[in-house]
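An overview of the molecular structure
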Amino acid sequence: LFTEDRPLQCYACLKSLKHLRNARLNVTVFWAAERSCIHSYQLLEALPELRLPNVEVAWQEVKKGQLFEKFSRSVGRLSVEGIRSLLILSDTAVFHTDADMSAATAVLSDRNDTFAVRLDLNPRVEFFPKSQLCASAPHLKPFANDGRLLLWTRSFDASKMAYEAVPRESGWDEILDWTATLVRAAQISHFFSALQGQDVQSLQQMDDKAADWLSRRQRMKRSEVSHRSACFLEPLLVTLDPKVFGSTIEADALLRWTLYDSWKDRLPRLAEKLRWSEAEVMDYFKGVGEGSTEALQCLLDPSRYKDYYLDTVQVGLAPTTGLPQQLRDAPLVSWLVPARNCEFFILDCLRSIEKQVGLSPGCFEVVVVEDASEDRTDAVLHRFAKTRPYVRIIESDGVQQGVGGSLQVGWSHCRGSYIARLDADDEAEPERLLKQLRFFEQHPEVSIVGGRTSFFFSEQRKFSVEKISQKEDGRVVAAVWREFHGQQTSRAREQICLVQRGEDVVVADGPAEYSNCRLLLVGEESIAVNPDRWQQALLPFAEVLLLRSDPCEPASGSRWQHPSLLRVASIFEDVLIGTTACFRRSHFQECPFSREEAENHWLMVNLEPNQHAANLTDVLVRTRRHEGNRAVRDEAGIHESKCAAVQHYLKKTFNAHIDMHDAAALLNFRGPRTPEQGDKLLQILENVERSFFGNYIRPSEKGDFFNDFVAGREVALERAIISMRLRFRALHQELAQVITNVPDNSPRQHRSRTPPR
């Protein structure tokens, strides 16, 4: 633990080490202080409340020019003693959530290609104040042995030679960070032995020298500095900006008041513990006055940050957290569910809504728009709604509206202050609504909150019954013939055991491929409509339909979180996953959905300047993949609708002369068809940049949105917006070398599209 002139932060950091579980901690505190703080550090050395279970603390005072020498000697001693893992920690970090250190060390021991475990990072982190960088998390993969940990591969400029001036990696690509990084003690000892003889006066100098040396080493000998890092899935800590505590003397006064308030009735006991005289203790607390501040409360009680969504590690004061208040005569949230031909999935969707945590009963309603289904969806819905008065079914009178039209119809029937959309074949995570409502409460300027999804695959399996045997405990054992499936070319005889669990009938025992499969149909009898008649319908020669689901895949979704970046990135990609979106009703005078196949993309490009959308990196919805997915079935029409949305947006907002071919070149960074088209689009993107910089990043009138999302991040946001144009420019330059012009009389005809009135 490194600390310099910050005894208050050092005190809070040491107290928070109680959250590091399943590890024995040998803490060495390297401290350097000016005269005003020396007594505070000397008091902390013997303070009883810093003696935590399984934690041994040793203190080393460091003078100028001795920091590197003492640190290198301590690291060498640790590696000799057989201690494998070293946690490099800054005094600005305070843990607010329990961290399983045995899981972190297991990554280093099991994966030799992992160099470090960053405790300060998690998928939510997007902004790095120190380097003024706005960079979302790279492609993260779950650690096979523990899903709480994620792995990623750092990127670096391999074209830079080791002897050149190598730019320091930053953000997610930083090799070694001094906030909270777990590394192998042997490797750190080896690396820092190469820096012997360096004149290091401060931690910042040692950090710079180590980062420069490691960056060069990474390019010279890749086997020594592996490119993979790891982090935890959930946030563990925060770092508070030291400026909120004032000057060094003011921060030290806050520590003295904190200790005096805790020990004022036991000062003789404290003197005995410190081995100070009572006069020395009284002299230390001399002149201490009322010193409690909001910043001090946040530092000493970091748990208040647990429910606050943070996209950066370094934070200010924690705002109040909570949920919006429900109006007396209306529900707080209306769930809007468009449904068509989903009789096998709709119950899973509605049950996931009922399983939402953190909300009191009766604070939500469910509005299901039944869009002229051709199966038994209508019967399943009416049976479900019969005993649930908060579920309302809106009929389409036999006329198919499409998803966009169904959302328009359902929007007018929603009475809640917030409207949460969910597709009928998807399932909401239990904490989805809780996380979104908290984000709305913390950021009143946000109109839409989306998130990420986790895909899972579902497929139907069929078999025919040969004979059955009913047991006394309600189980049914059946001999069945498995029908053809996939690459299977012959039928097979199997034995399975069916058990009713609630309103579902599942396969409790049988072949592995049938494990926990759910019964859908027995002959013509639907289990969702008549769950009590499955045993009567299960007769010899009856055909049975099962539903098998795979485990969820890793999280997927847009990489952009910040509202300003979402607005810009909508030119290039679909940044909002519709099934995860939750709307603040008061920000919309009318329904924001269009009767378009790509209704989500049209939603984003039609947002008014005072309407903002943000994304959470948390998984909010489990998205089902099946053979009837609309995204696959209508892929061509959805893509054309997205191109039309981009064309409409650029024409309407920036008065750009753009056609469908130009929009298709921008969408998903497909690239231009001709060099002339690439030059034209680059000019348009430059105009878009200037407009965004003037209207959102550096506006003349700065309102609440600017203070909440933009202030202090202007440089980082500008760099992120410019990076989108540079990515397209690199693609244009690459394609311009091999591209050939397409003649105007090309036989290939592209469909044109006029945006709706």
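Residues numbered from 1 in each chain as written. Predicted model: local features only at pLDDT ≥ 70, side-chain atom pairs only at ≥ 80, totals over all residues. Heavy atoms only, no water.

1. Overview of the overall build of the protein
Along the protein, the regular secondary structure elements total 23 helices and 31 strands. The globule rule puts the C-alpha radius of gyration for 757 residues at 27 Å, and the 31 Å found for the protein is close to it. In terms of its C-alpha atoms, the protein occupies a principal-axis envelope of roughly 90 × 75 × 60 Å. Looking at the protein as a whole, 54% of its 757 residues qualify as buried. If you take every contact in the protein between residues at least 6 apart in sequence, the share linking residues at least 24 apart comes to 76%. On the protein, roughly 35200 Å² of surface is accessible, and the fraction owed to carbon and sulfur atoms is 47%. Averaging the coordinates of the 95 positive side-chain charges in the protein and doing the same for the 104 negative ones gives two points 2 Å apart. (Helix = DSSP H or I, 4+ residues; strand = E, 2+ residues; numbered from the N terminus. Rg over C-alpha atoms; globule rule 2.2 N^0.38 Å. Buried < 20%, exposed > 50% of the residue type's maximum accessible area, 1.4 Å probe, protein only. Contact = heavy atoms within 4.5 Å. Areas by Shrake-Rupley, 256 points an atom, 1.4 Å probe, with all protein chains shown as cover. Lys, Arg positive; Asp, Glu negative; His and termini not counted. Charge placed at Lys NZ, Arg CZ, Asp CG, Glu CD.)

2. Some remarks on the pattern of salt bridges
If the charged atoms of two oppositely charged side chains come close together, the side chains can form a pair. Going through the model one piece at a time under the given rule, you end up with 45 salt bridges. Close ionic contact of K130 with D207 constitutes a salt bridge, the shortest N to O distance being 3.3 Å. Here D207 lies in helix α6 (residues 203-220) and K130 lies in the loop between β9 (127-128) and β10 (133-134), a separation of 77 residues in the sequence. When its relative accessible area of 5% is taken as the criterion, D207 is described as buried. The partner of E599 in a salt bridge is R630, with the nearest N and O atoms 3.2 Å apart. You can see E599 sitting in helix α17 (residues 599-605) and its partner R630 sitting in helix α18 (residues 630-633), a full 31 residues away along the chain. In this structure, a network of salt bridges that share partners links the residues D348, E427, E429, R518, R622 and R624. (Salt bridge = Lys/Arg side-chain N within 4 Å of Asp/Glu carboxyl O.)

3. Regarding the environment of R475
With respect to the helices and strands, the residue R475 is situated in the loop between β22 (448-470) and β23 (476-482). Here the alpha-carbon distance between R475 and L498, two residues 23 residues apart in the chain, equals 5.8 Å. Look past the residues within four positions of R475 in its chain and what remains in contact with it is S469, Q470, C497, L498 and V499. One polar contact links R475 to D473, side chain to side chain, over a distance of 2.8 Å. (Polar contact = N/O pair within 3.5 Å; in protein donor to acceptor, adjacent residues only side chain to side chain.)

4. Considering the sheet that holds strand β14 (residues 228-232)
Sheet strands associate in pairs through backbone hydrogen bonding, adopting either a parallel or an antiparallel arrangement. Strand order in this open sheet of six strands is β5-β13-β8-β14-β12-β11, and the pairing throughout is mixed. Here the strands that pair on one side only, and so sit at the sheet edges, are β5 (85-89) and β11 (141-143). Each strand of the sheet is rotated relative to its neighbour by a mean of 30°, with strand direction disregarded. Pairing of strand β8 (residues 114-118) with strand β13 (residues 180-184), which is carried by three bridges, proceeds in the antiparallel orientation. Among the inter-strand pairings, A116 is bridged to a residue of β13, identified as V183. Each of β5, β8 and β13 is contacted by helix α5 (residues 185-193), which is oriented at about 90° to β13, the strand it contacts most. (Pairing = 2+ DSSP bridges. Axes fitted to C-alpha atoms, helices over the stretch in contact; angles between N-to-C directions.)

5. A few points about helix α3 (residues 67-80)
Under the 1.5 Å per step criterion, the end-to-end length of α3 is 20 Å for 14 residues, consistent within 8% with the ideal 20 Å. Among all positions in α3, only L67, F68, F71, S72, S74, V75, G76 and L78 are buried. Tucked inside the fold, the buried residues of α3 contact β1 (2-4), β3 (25-32), β4 (55-61), β5, α5 and α6. Among the residues trailing α3, G82 stands out with phi positive, at a value near 90°. (Expected span 1.5 Å × (residues − 1).)

6. Details of helix α21 (residues 675-697)
The terminal C-alpha atoms of α21, which comprises 23 residues, lie 31 Å apart, in line with the 33 Å expected from a rise of 1.5 Å per residue. Along α21, the positions that sit buried rather than exposed are Q677, G678, L681, L682, I684, L685, V688, E689, F692, F693, Y696 and I697. Residues of α21 that are buried in the fold lie against α16 (563-569), α19 (635-654), α20 (660-666), α22 (704-710) and α23 (714-736).

7. Quick look at the sheet that holds strand β6 (residues 93-95)
Pairing in this open sheet of three strands is mixed, and the strands run β6-β15-β16 from one edge to the other. Each end of this open sheet is capped by a strand with a single partner; those strands are β6 and β16 (314-315). Sheet topology note: the strand β15 (residues 237-240)/β16 ladder contains two bridges and is parallel. Each residue of the ladder has a partner; that of L240, found in β16, is V315.

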